[in-house]
Amino acid sequence: MQHAKQNDIAIKIDSALHDIEKNNPSLAGALPDNYFSRLGLDASKLSALIDTINNIDTIANECHMTEQDVVGRVYEYFLGRYAATEGKGGGEFYTPKCVVTLIAEMIEPYKGKIYDPCCGSGGMFVQSVKFVDSHKGNRKDISIYGQEYTSTTYKLAKMNLAIRGISANFGDVPANTFFKDQHPDLKADFIMANPPFNQKQWRQENELSDDPRWDGYETPPTGNANYAWIMHMISKLSDNGTAGFVLANGSMSSNTSGEGAIRRKMIENDLVDCMIALPGQLFYTTQIPVCLWFLTKNKSATYSKDGEQLHKGREGETLFIDARQMGSMVSRTTKELTTDDIAEIARTYHAFRGATAMDGGRIGNAGAFSDQELEYKDIPGFCKAANIEEIAANDFVLTPGRYVGTAELEDDGVLFETKMQELSQTLYQQMQDAEKLDAVIRRNLKVLGYGS
């Protein structure tokens, strides 16, 4: 602060950033060289910025948060605003917070290795750590592994985690996950990801055709990388691990170029634990309808060291959740899942898995779950646990709408004749109003010289 008012403050900030990077190996190559000097900003503006950042300590005390938490939230806020402003181009690295939160609450990355093969700005990892903190866990119980192809986004991820004091292994360089795997021997306990939607021409016809990641399956087609991402994640999943990731809705039903055969094999191998159809308009970057996949290699009952059952056996079953009617509009074009929405979806999944109350946890102010509340049952229009025979009868299509059916309509107690009379009167009134509006429109058009 003693240098904040000096005219060469830009040079001093750049020198400080250089020293920070030099003394923090995890930030190697992440911070820009001579950034503030090149900007040519007025020294008084930089001075004001330093004052604002310096006051974060005071703000943190007032909010009963740590300074690190506030800095992290500021960074997260600007990432979100940048993604919203830049749209498709700038938002590629950013997964909406409510989607990341939902995935974390579903798979519960409490202990073990967490991996994101296309980690963007690292939002999945930040949410994983928040999950650990909110459940009074120990950050030292998790190890973070990520990979990112875009150099700028790779740097954003490094900074995102560094300012929160989170250690992570992003590999030595930004690199293509399919062609230069930065963690070749990794077997992850939790995989969270938001791969690029319907990525085209991700390989040439003669490339990766016999890659071991596709062993036992058809080779994913060159025209769409959706199933290549799925196969890559399956190859990285530990024997008892769980993967949760976002894909375009087409992945649930596509039969193009062998994709249907891959999906069928995955179902026959009993890898698909849960499918969720999400509401539209959640993403800044696309209006494409999206879904969540949850995979595991082990659906048998699991027990703690003390012999307590953690999850019930659910071999041959897949849970389908249709959440398309959930969410609330937060801007003219964007929708978000509320904490109650996230809690209801996560509660349904945990109930399906026969989880304990501790696993249910707490999401924001949505409350904790009791053992009794975690008893699972199908709800028409919302969720359905289907077996492999039912999925086969639907041609191995995984679209939740095919399984959950339609919601039951509540009887409001009004007689049909009474309701029909009321609706008819409303319709006739609207018809009269429409005639009056048509007459007004005709008169105005005539005044403007467009009368018939």
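## Focus: helix H8 (residues 151–162)
Point 1. In a regular helix each residue adds 1.5 Å, so 12 residues correspond to 16 Å; H8 covers 17 Å between its end C-alpha atoms and thus fits that length.
Point 2. All of the buried residues in H8 are Thr153, Tyr154, Leu156, Ala157, Lys158, Met159, Asn160 and Leu161.

## Comments concerning unusual backbone geometry
Trans peptide bonds make up the majority, and among non-glycine residues the majority have a negative phi.
Point 1. In this structure, Gln281 is a non-glycine residue whose phi angle is positive, near 65°.
Point 2. Mapped onto the fold, Gln281 is located in the loop between strand E5 (272–277) and strand E6 (290–296).
Point 3. Look at Gln281 and you get partly exposed, because its relative accessible area is 29%.

## Some words on the packing of aromatic side chains
Point 1. Using the criterion set out here, one finds 11 aromatic pairs in the structure.
Point 2. Here Phe178 and Trp229 contribute two aromatic rings whose centre-to-centre distance is 4.5 Å and whose plane-to-plane angle is 50°, an arrangement assigned as tilted. Of this pair, Phe178 sits in the loop between H8 and strand E3 (188–193) while Trp229 sits in helix H9 (residues 226–236); the two residues are 51 residues apart in sequence, bridging distant segments of the chain. When sorted by exposure, Phe178 lands in the same class as Trp229, which is buried.
Point 3. Centre to centre, the rings of Phe320 and Tyr403 are 4.0 Å apart; their planes meet at 15°, and the pair counts as stacked. On the criterion of sequence distance, the pair formed by Phe320 in strand E9 (residues 317–322) and Tyr403 in helix H14 (residues 401–404) is long-range, its members being 83 residues apart.
Point 4. Judged by its relative accessible area of 0%, Phe320 is buried.
Point 5. Among the aromatic residues, ring-to-ring pairing joins Phe178, Trp202, Trp214 and Trp229 into one connected group.

## Quick look at the pairing of strand E4 (residues 237–248)
Point 1. A large share of E4 lies buried, amounting to 10 of its 12 residues.
Point 2. Of the pairings in the sheet, the one linking E3 to E4 comprises five bridges and is parallel in character. Of the residues in E4, the one forming a bridge with Phe190 is Thr242.
Point 3. The parallel pair E3 and E4, bridged by H9, forms a crossover whose chirality is right-handed.
Point 4. In this structure, E4 lies alongside E6, joined through seven bridges in antiparallel fashion. Bridge assignment links Thr242 to a residue of E6, and that residue is Thr296.

## A closer look at the side chain of Asp273
Point 1. Position of Asp273 among the secondary structure elements: in strand E5.
Point 2. Look at Asp273 and you get buried, because its relative accessible area is 0%.
Point 3. Apart from residues no more than four positions distant in its own chain, Asp273 is found in contact with Phe294, Leu295, Thr296, Lys299, Arg314, Thr318, Leu319, Tyr349, Phe352 and Arg353.

## Comments concerning the pairing of strand E2 (residues 142–146)
Point 1. With four of its five residues buried, E2 lies for the most part within the structure.
Point 2. When strand E1 (residues 112–116) meets E2, the two strands line up parallel, connected through five bridges. Looking across to E2, one finds that Lys113 is bridged to Ser143.
Point 3. With helix H7 (residues 123–134) bridging E1 and its parallel neighbour E2, the resulting β-α-β unit is right-handed.

Rules of the game
Residues numbered from 1 in each chain as written. Predicted model: local features only at pLDDT ≥ 70, side-chain atom pairs only at ≥ 80, totals over all residues. Heavy atoms only, no water. Helix = DSSP H or I, 4+ residues; strand = E, 2+ residues; numbered from the N terminus. Expected span 1.5 Å × (residues − 1). Buried < 20%, exposed > 50% of the residue type's maximum accessible area, 1.4 Å probe, protein only. Phe/Tyr/Trp six-rings, centres within 6.5 Å; stacked < 30°, edge-to-face > 60°. Pairing = 2+ DSSP bridges. Right-handed = clockwise from strand over helix to strand, strands pointing away. Contact = heavy atoms within 4.5 Å.

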